[in-house]
Amino acid sequence: MDTPPPNPDFADRARAALLAHACGDRFGAPLEFVSDLSVRTRTVHLGNWTDDTHMSLYLGETLLAYGPITDQSPFEADRFGTLVGEAFVRWLHDPLTPTTAPGNTCLTGARHFERDRDWKTSGIRSSDGCGAVMRIVPIGLAWRGEALLEAARVSALVTHAHPNAPEAAMAGAWLVGQILETGVWGAACVEDAIRHLDGPWNQGGNLAGSLRAALVWAQRGEEWLDEPAIPPGDGGWRSGSALGLAVAAALRWPDDLGLAVEKAARIRGDSDSVACLTGALLGAALGTAAIPPAWLATLPRRAGIAGLADRLVAIRA
Ligand SMILES: [Mg+2]
């Protein structure tokens, strides 16, 4: 292996990325459809996590089925896209799915794949919904470099074909992987992602604009996320605003995972998707000790989620 071994707490932070993602999803779930400012003060009763975690588990198992990326087994978009499509068809028919507030675009994309078996045409062309980015954490754990970026791009296209969707998936997976490898989270990391989005990652969308706005907002020191300030300004229902708001929250409260996730969830828009991505970014930076113990203690399928993180890290070349 020509890459240095991961730093000592890599495995713990990888677990934390996936666990805090699920905890954020779960905390945001009862707030997802609260569209007025009462969302800031409502008591949250923790139940199960939602589609964000559920689809992440399916995508994680798909990465494991594909296996490690090596010279002998390089990334092949067609093979990976087909495996993701097949996994999303299984997700479509999972009895748990209807109870997890699944997104319409994800459901429709999976149905298209079931009908045509073509990941290049199954995604909804007009949609950059946040479903493309809320599920990408496992990619940042398992793969790196070009394979990570291509896997993120292809995984988004299976359901969402608007250019913002693959850009958000690429930037999100890269941020998680980068934080894991360096142990460092901050504006410099986001600035790097913006440079790439302005260059080779650009698919014709404007994810760079969402991340630039997140950087600006985080400097302002405000106490609540400003949903209209992060393009496209819809509060996280779309890929750019979901990742942008999560980046904003994680930059604003970088040392307090619980507070950042709560602030991310207490928005009028897509609370669980923004909160889960916030949790993933700060989990990757801070490790499992930063996750509020009360959230972890009752997390459904906690051992399975932690075990999936371990298995994903094990195939990282
Ligand atoms: Mg959800």
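From a predicted model like this one, the values you see are computed outputs, not experimental measurements.

Asks: Is there a simple way to think about the overall build of the protein chain in this case?
Replies: From N to C terminus, the protein chain includes 15 helices and zero strands. Taking 2.2 N^0.38 as the reference for a compact globule, 317 residues should give roughly 20 Å; the C-alpha atoms of the protein chain span a radius of gyration of 17 Å, in line with that estimate. Projecting the C-alpha coordinates of the protein chain onto the three principal axes gives extents of approximately 50 × 45 × 40 Å. The burial tally for the protein chain puts 59% of its 317 residues in the buried class. Here the analysis covers contacts within the protein chain between residues at least 6 apart in sequence; of these, 75% occur between residues at least 24 apart. Just so you have it, the protein chain exposes about 11,800 Å², and 53% of that area is on carbon and sulfur atoms. Averaging the positions of the 27 positive and the 36 negative side-chain charges in the protein chain gives two centres separated by 2 Å.

Asks: Explanation requested: the coordination of the magnesium ion in the structure shown.
Replies: Ideal donor angles around a metal are set by the shape: a four-donor tetrahedron calls for 109.5 degrees, a six-donor octahedron for 90 or 180 degrees. Donor atoms from the polypeptide that coordinate the magnesium ion comprise Thr50 (OG1), Asp51 (OD), Asp52 (OD) and Asp272 (OD), at 2.0 to 2.3 Å from the metal. Site description for the magnesium ion: donor spacing in sequence, T-D-D-x219-D. Placement of the pair is Asp52 in helix α2 (residues 51-66) and Asp272 in helix α13 (residues 271-286), with a sequence separation of 220 residues.

Asks: Where do I start with the environment of Val247 in this structure?
Replies: Structurally, Val247 is set in helix α11 (residues 239-252). Contact partners of Val247, with chain neighbours within four places excluded, come to Leu175, Trp185, Val190, Leu211, Ala214 and Leu281.

Asks: I would appreciate a short explanation of the nonpolar core in the present structure.
Replies: Within soluble globular proteins, side chains that are nonpolar tend to cluster in buried spots. Counting residues in hydrophobic clusters, the biggest one holds 120 residues, and the most contacted among them are Phe80, Leu141, Trp143, Trp185 and Val247. Among the elements that take part in this core, helix α8 (residues 164-182) stands out by supplying 11 residues, more than any other.

Asks: Whenever I open this one, the side chain of Thr62 confuses me. Can you help?
Replies: Positionally, Thr62 belongs in helix α2. Overall, Thr62 belongs to the buried group, its relative accessible area being 3%. Within polar-contact distance, the side chain of Thr62 engages the backbone oxygen of Tyr58 at 2.7 Å. The residues touching Thr62, leaving out its near neighbours within four places in the chain, are Phe80, Leu83, Val84 and Ala87.

Asks: What am I meant to see in unusual backbone geometry here?
Replies: Most peptide bonds are trans, and most residues other than glycine sit at a negative phi. Cis rather than trans, the peptide bond between Pro231 and Pro232 has omega equal to 5°. Note on placement: Pro232 falls in the loop between α10 (207-219) and α11. The phi dihedral of Arg117 falls on the positive side, at around 55°, and the residue is not glycine. Counting through the fold element by element, Arg117 comes out in the loop between α4 (104-116) and α5 (119-122).

Asks: Sorry if this is basic, but what is going on with the packing of helix α1 (residues 10-28) against α8 here?
Replies: Interaxial distance between α1 and α8 falls to 9 Å at its minimum, and their mutual angle equals 150°. As far as their axial angle goes, α8 and α1 are roughly antiparallel. The two elements α1 and α8 meet at a crossing, and its hand is right-handed. Residue-level contacts link Phe10, Arg13 and Ala14 of α1 to Ile179, Leu180 and Glu181 of α8. Along the lines of polarity and charge, the residues of the contact of α1 with α8 split into four nonpolar, no polar and two charged.

Asks: Is there a simple way to explain the packing of helix α3 (residues 77-92) against helix α7 (residues 145-157) in this structure?
Replies: In the contact formed by α3 and α7, the axes pass within 9 Å of each other and the chain directions differ by 45°. By the criterion of interaxial angle, the relationship of α3 to α7 is oblique. Handedness of the crossing formed by α3 with α7: right-handed. In this structure, α3 contributes Ala77, Phe80, Gly81, Val84 and Phe88 to the contact, and α7 contributes Ala151, Val154 and Ser155. Among the residues making up the contact of α3 with α7, the classes are represented as six nonpolar, two polar and no charged.

Rules and cut-offs
- Residues numbered from 1 in each chain as written.
- Predicted model: local features only at pLDDT ≥ 70, side-chain atom pairs only at ≥ 80, totals over all residues.
- Heavy atoms only, no water.
- Helix = DSSP H or I, 4+ residues; strand = E, 2+ residues; numbered from the N terminus.
- Rg over C-alpha atoms; globule rule 2.2 N^0.38 Å.
- Buried < 20%, exposed > 50% of the residue type's maximum accessible area, 1.4 Å probe, protein only.
- Contact = heavy atoms within 4.5 Å.
- Areas by Shrake-Rupley, 256 points an atom, 1.4 Å probe, with all protein chains shown as cover.
- Lys, Arg positive; Asp, Glu negative; His and termini not counted.
- Charge placed at Lys NZ, Arg CZ, Asp CG, Glu CD.
- Donors = N, O, S within 2.8 Å, 3.2 Å for Na, K, Ca; no water.
- Core = buried A, V, L, I, M, F, W, Y, C linked by side-chain atoms within 4.5 Å.
- Polar contact = N/O pair within 3.5 Å; in protein donor to acceptor, adjacent residues only side chain to side chain.
- Axes fitted to C-alpha atoms, helices over the stretch in contact; angles between N-to-C directions.
- Parallel < 35°, antiparallel > 145°, perpendicular 65-115°, else oblique.
- Left-handed = near helix turned anticlockwise from the far one by under 90°.
- Nonpolar A, V, L, I, M, F, W, Y, C, P; charged D, E, K, R; others polar.

As far as function goes, none of this settles anything; it's purely spatial.
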